[in-house]
Amino acid sequence: QVQLVESGGGSVQAGGSLRLSCAAYGYSYLTYCMGWFRQAPGKVREGVALIYIGGGSTDYAESAKGRFTISHDNAKNTLYLQMNSLKPEDTAMYYCTADLASRNCGLSTSNHNAWGQGTQVTVSS
């Protein structure tokens, strides 16, 4: 029922920063968690960061810890991913997800209730 629209991607040099946004339309108060996943060409999709809407707790992939920060603005129904110290290996299509049940919440889970269409992040060396 919820539509997710990502924005904020682009091309930056290594060491630069980007802030991705995910606007949720038709947002449900039942949303339990939201996350960011990424997939590079020829590689498997991987979870980057996750936030539990109610409690505010977060989870990060090891590659993202210390560099990325996930947050959610309840008033704007918008998810963010602040990415600092970007590396070429961060290059990927980044997708936003939303889940209605805790069973679907996780960086390693494959079932998510809603997906955005993605925003491209390209980091040059």
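Residues numbered from 1 in each chain as written. Predicted model: local features only at pLDDT ≥ 70, side-chain atom pairs only at ≥ 80, totals over all residues. Heavy atoms only, no water.

### Brief notes about the pattern of salt bridges
To keep it simple, the criterion reads: Definition used for salt bridges: Asp or Glu carboxyl oxygen within 4 Å of a side-chain nitrogen of Lys or Arg. The rule is simple: take the accessible area with a 1.4 Å probe, protein chains only, and divide by the maximum for that residue type; under 20% is buried, over 50% is exposed, in between is partly exposed. Going along the chain from the N terminus, every DSSP run of H or I of four or more residues is numbered as a helix, and every run of E of two or more is numbered as a strand.
The tally for this structure, following the rule as stated, stands at four salt bridges. Where Glu-62 meets Lys-65, a salt bridge forms, and the shortest distance between an N and an O atom there is 2.7 Å. Relative accessible area serves as the criterion here: at 62%, Glu-62 is assigned to the exposed category. Taking relative accessible area as the criterion, Lys-65 reaches 44% and is therefore assigned partly exposed. A salt bridge links Arg-67 to Asp-90; the nearest nitrogen and oxygen atoms lie 2.7 Å apart. Here Arg-67 is found in the loop between β6 (58-60) and β7 (68-73), whereas its partner Asp-90 is found in the loop between β8 (78-83) and β9 (92-99), with 23 residues between them in sequence.

### Points about the state of the cysteines
Applicable threshold: Any two cysteine sulfur atoms within 2.5 Å of one another count as a disulfide.
According to the stated counting rule, one finds two disulfides in the structure shown. The disulfide partner of Cys-22 is Cys-96, and the S-S distance across this bridge is 2.1 Å. Across the S-S bond linking Cys-22 and Cys-96, the dihedral sits near -75 degrees, which makes this disulfide left-handed. Of this pair, Cys-22 sits in strand β3 (residues 18-25) while Cys-96 is found in strand β9, placing the two residues 74 residues apart along the sequence. Across the protein, the disulfide pattern expressed with sequentially numbered bonded cysteines is 1-3, 2-4.

### Quick word on the pairing of β8
Test applied: Criterion used throughout: strands pair if DSSP finds at least two bridges between them.
Burial analysis of β8 places five of its six residues in the buried class, the great majority of the element. The pairing of β3 with β8 spans six bridges and is antiparallel. Counterpart to Ser-21 in the pairing with β8 is Tyr-80. In the sheet, β7 pairs with β8 via six bridges, with the strands oriented antiparallel. Residue Phe-68 lies in a different strand from β8, and its bridge partner there is Met-83.

### Points about the side chain of His-72
Spelled out, the test is: Polar contact is defined as a pair of N or O atoms within 3.5 Å, subject to the rule that within protein one atom must be able to donate a hydrogen and the other to accept it, and that residues adjacent in sequence are counted only when both atoms are side-chain atoms.
Its place among the elements puts His-72 in strand β7. For His-72, the side chain forms a polar contact with the side chain of Asn-74, separated by 2.7 Å.

### Description of the packing of aromatic side chains
The way to describe two aromatic rings as a pair is by their centre distance and the angle between their planes. In plain terms, the rule: Only centres within 6.5 Å qualify two rings of Phe, Tyr or Trp (six-membered ring in Trp) as a pair; their planes then separate them into stacked at under 30 degrees, edge-to-face at over 60, and tilted for everything else.
Enumeration over the complete set of coordinates arrives at three aromatic pairs. Each ring, one from Tyr-32 and one from Tyr-52, has its centre 5.9 Å from the other, and the planes form 90 degrees; the classification is edge-to-face. With a gap of 20 residues between them, Tyr-32 in the loop between β3 and β4 (33-39) and Tyr-52 in strand β5 (residues 46-52) connect regions that are remote in the sequence. Taking the relative accessible area as the measure of exposure, Tyr-32 reaches 41% and is therefore partly exposed. Given the relative accessible area of 24%, Tyr-52 is considered partly exposed.

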